Amino acid sequence: MPTDLLQENEARYLMHTYARWPVSIVRGRGCKVYDLEGREYLDFVGGIAVNLLGYSHPDLVAAIQKQAQQLLHASNLYYTEPQVKLAKTLVDHSFADKVFFGNSGAEANEAAIKLARRYAHLKYGPNRFEIVTMQQSFHGRTMATLTATGQEKVQKGFEPLLPGFTSVPFNDLAAVERALSPATAAVLVEPVQGEGGVRVADRVYLQGLRELCRQRDILLIFDEIQTGMGRTGTLFAYEHFGVAPDIMTLAKGLGGGVPIGACLATDQVAAAFTPGTHASTFGGNPLACAAALAVFEVLLEGKVLEQGRRMGEYLAKGLKDIEERLPVVKEARGLGLLQGLELTIDGKPVVADCLARGLLINCTAERVLRFIPPLIIAQREIDRLLETLSTVLSKRV
Ligand SMILES: *Cc1c(COP(=O)(O)O)cnc(C)c1O
C-alpha cells in the first residue's frame, strides 16, 4: 500500500491518538530503517528506546524464530522455562529477588503501584496508600499510571483521577520530605526523566530519597522503563547513583522490540503478592521471555553494554560541543545513550528538517530533542547525527 493510501486508511480506521510523520517504515537493519519508497533513515529514536540491539539482530531473530516454532504461549497456570530463566537473569544482575512480568511499561508500573499499596496495607492497615510522584514524570497511560504521571496534559479529560497520589517538583528532596505523611506508602521516581525532557536526577537527591524512605519504611520505586537495560551505560541507571530501590520497573528495551514489561522487587516487598492478588494472561509469555533472554545474552556477552557506554560518552561530548557553539541550544544533558538537547525554540521543525535529511530523532517536552539510539550505534553514525544537527540548527540561530 503506497504511503498516501496508508495515511488515508490510517485516518479512517484507527483512533486518532498519534500525530505521525509521513513515513511508512517497512524494514530495518542495524541502526537504519527503510521506508516504502526505499529511502534510508539513520535511526536515533530506536522505537523510543525499545530497539536496543537495532533492527534484525541475528541472535534476537533466531531466538524468536526458535521459540515461535516450539511454544508461543502457555498459560501462567503452568511452568514455562523462558519465564523462569529470564526472572533468574534479572535477579542475578540487579538488587531484586523476585520478578513479575507484564506486557508493557504501564503494566509494569501498575504492578509496582499495586505491590506498594498491598505491602503497606498488610503491614500498616488501610490508611497507608499514598504514592508521592514527581512533576514532569511519565509513568504510562492507564488510569493509575496517568494519575502517577505529573503532567496535566496526560490527565486532562480523564478525571476523576485515582485517589492517593501527590506530585512534587523533581530533584527537590525537601519537597518530598514535606509531602510525606503517615499515609505515604511509596515514592515513585525516574532516575532520568525521559519523556519529561531528559532530566537527570542528582546523586544527592536519589541518595536522600533512599535515606528518607528507609527511615520511615516507605518504599522507593524506580521507574527504569526507559533507563534500564544498558540505556544509560550501566545495566540499570540506579547503579550510577549508588542507591538501590525496593521496586523497579522495566519494559521498552527489555524485549528488544517484543512487548514485555517487568516489576522487580526485594523478597520482603514481593511477599505482599500471593496467588490471586495479581496476574496477566500474556505476562511472561515464552516468546517475549525468549526474546528478552536473547537481548540479555547479547548485552552481557557481546560487549554491547560497554559499546553503548562508550558511545554514550561520545554522543554527550558532541552534543556539549553543539551547545557551546550554537545559541539556539540551551542545554545538552543526559546519561549514556539517553541524551537530550534543550532548545530555545520549538523542536518539531528541527525534527522535520532531520527527517528530510534521512535522520530520525524525537522531540519531547516541546523543546527537547531526544536521542535514544540502539546500543549498537557506531561512532561514524553519531558523527553523522552531529553533523546533520549542526547544519539544521545553525540555520535557526
Ligand atoms: C514509556 C514509558 C512508560 C510507559 O510504557 P508503555 O509501554 O508505553 O506503557 C512508563 N515509564 C517510563 C519512564 C517510560 O519511558
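*Asks:* Can you explain the sheet that holds strand 2 (residues 32-35)? Please cite residues and give values.
*Replies:* Sheet architecture is open: four strands sit in the order 1-2-3-15, paired in mixed fashion. Two strands bound the open sheet, and with one partner strand each, they are strand 1 (25-29) and strand 15 (359-360). Pairing geometry for strand 2 and strand 3 (residues 40-43), over three bridges, is antiparallel. Bridging across to strand 3, Val33 finds its partner in Tyr41.

*Asks:* Account for the side chain of Arg333, with residues named and values stated.
*Replies:* Topologically, Arg333 is positioned in strand 13 (residues 329-335). Residue class for Arg333 comes out buried when judged on its relative accessible area of 13%. A polar contact of 2.7 Å, which involves the side chain of Arg333, links it to the backbone oxygen of Val198. Polar side-chain contacts of Arg333 include one of 2.7 Å to the side chain of Glu331.

*Asks:* An account of the sheet that holds strand 13 is requested, with residue identities and associated values reported.
*Replies:* Strand order in this open sheet of four strands is 13-14-17-16, and the pairing throughout is antiparallel. Of all strands in the sheet, those bounded by a partner on one side alone are strand 13 and strand 16 (362-364). In this sheet, neighbouring strand axes are inclined to one another by 25° on average, regardless of whether the strands run parallel or antiparallel. Pairing of strand 16 with strand 17 (residues 368-371), which is carried by three bridges, proceeds in the antiparallel orientation.

*Asks:* Got a sec to walk through the site of the ligand? Specific residues and values, please.
*Replies:* The local shell around the ligand holds 13 residues, among which Gly105, Ala106, Asp223, Gln226 and Lys252 are the closest. A distance of 2.8 Å is found between a nitrogen atom of the ligand and a side-chain nitrogen or oxygen belonging to Asp223. At a separation of 2.6 Å, an oxygen atom of the ligand approaches a polar side-chain atom of Lys252. Coverage of the ligand by the protein chains reaches 81% of its 380 Å² of free accessible surface. With three residues, helix 5 (residues 105-124) is the single largest residue contributor to the shell around the ligand.

*Asks:* Provide a residue-level description of the packing of helix 13 (residues 304-325) against helix 15 (residues 379-394), including the pertinent values.
*Replies:* The interhelical angle for the contact between helix 13 and helix 15, taken along N-to-C directions, is 15°, at an axis separation of 10 Å. As the angle between them shows, helix 13 and helix 15 are arranged roughly parallel. Considering only the axes of helix 13 and helix 15, their crossing is right-handed. Of the residues in helix 15, those touching helix 13 at Met311, Tyr314, Leu315, Gly318, Leu319, Ile322 and Arg325 are Gln379, Ile382, Asp383, Leu385, Leu386, Leu389, Ser390 and Leu393. Tallied by class, the residues present in the contact of helix 13 with helix 15 amount to 10 nonpolar, three polar and two charged.

*Asks:* Tell me what's going on with the pattern of salt bridges, and back it up with residues and numbers.
*Replies:* The tally for this structure, following the rule as stated, stands at 22 salt bridges. Across the pair Asp92 and Lys88 runs a salt bridge whose closest N-O atoms are separated by 2.6 Å. One end of the pair is Asp92 and the other is Lys88, both in helix 4 (residues 81-92) and four residues apart, which spans about a single turn. Across the pair Arg396 and Asp353 runs a salt bridge whose closest N-O atoms are separated by 2.9 Å. Here Arg396 is found in the segment after helix 15, whereas its partner Asp353 is found in helix 14 (residues 348-356), with 43 residues between them in sequence. Arg396 sits in the partly exposed class, given a relative accessible area of 30%. By relative accessible area, which is 16% here, Asp353 ends up buried. Bridged by salt links that share partners, the residues Glu306, Arg309, Arg310 and Glu313 form one connected network.

Calculation rules
- Residues numbered from 1 in each chain as written.
- Predicted model: local features only at pLDDT ≥ 70, side-chain atom pairs only at ≥ 80, totals over all residues.
- Heavy atoms only, no water.
- Pairing = 2+ DSSP bridges.
- Helix = DSSP H or I, 4+ residues; strand = E, 2+ residues; numbered from the N terminus.
- Buried < 20%, exposed > 50% of the residue type's maximum accessible area, 1.4 Å probe, protein only.
- Polar contact = N/O pair within 3.5 Å; in protein donor to acceptor, adjacent residues only side chain to side chain.
- Axes fitted to C-alpha atoms, helices over the stretch in contact; angles between N-to-C directions.
- Near = heavy atom within 4 Å.
- Areas by Shrake-Rupley, 256 points an atom, 1.4 Å probe, with all protein chains shown as cover.
- Parallel < 35°, antiparallel > 145°, perpendicular 65-115°, else oblique.
- Left-handed = near helix turned anticlockwise from the far one by under 90°.
- Contact = heavy atoms within 4.5 Å.
- Nonpolar A, V, L, I, M, F, W, Y, C, P; charged D, E, K, R; others polar.
- Salt bridge = Lys/Arg side-chain N within 4 Å of Asp/Glu carboxyl O.

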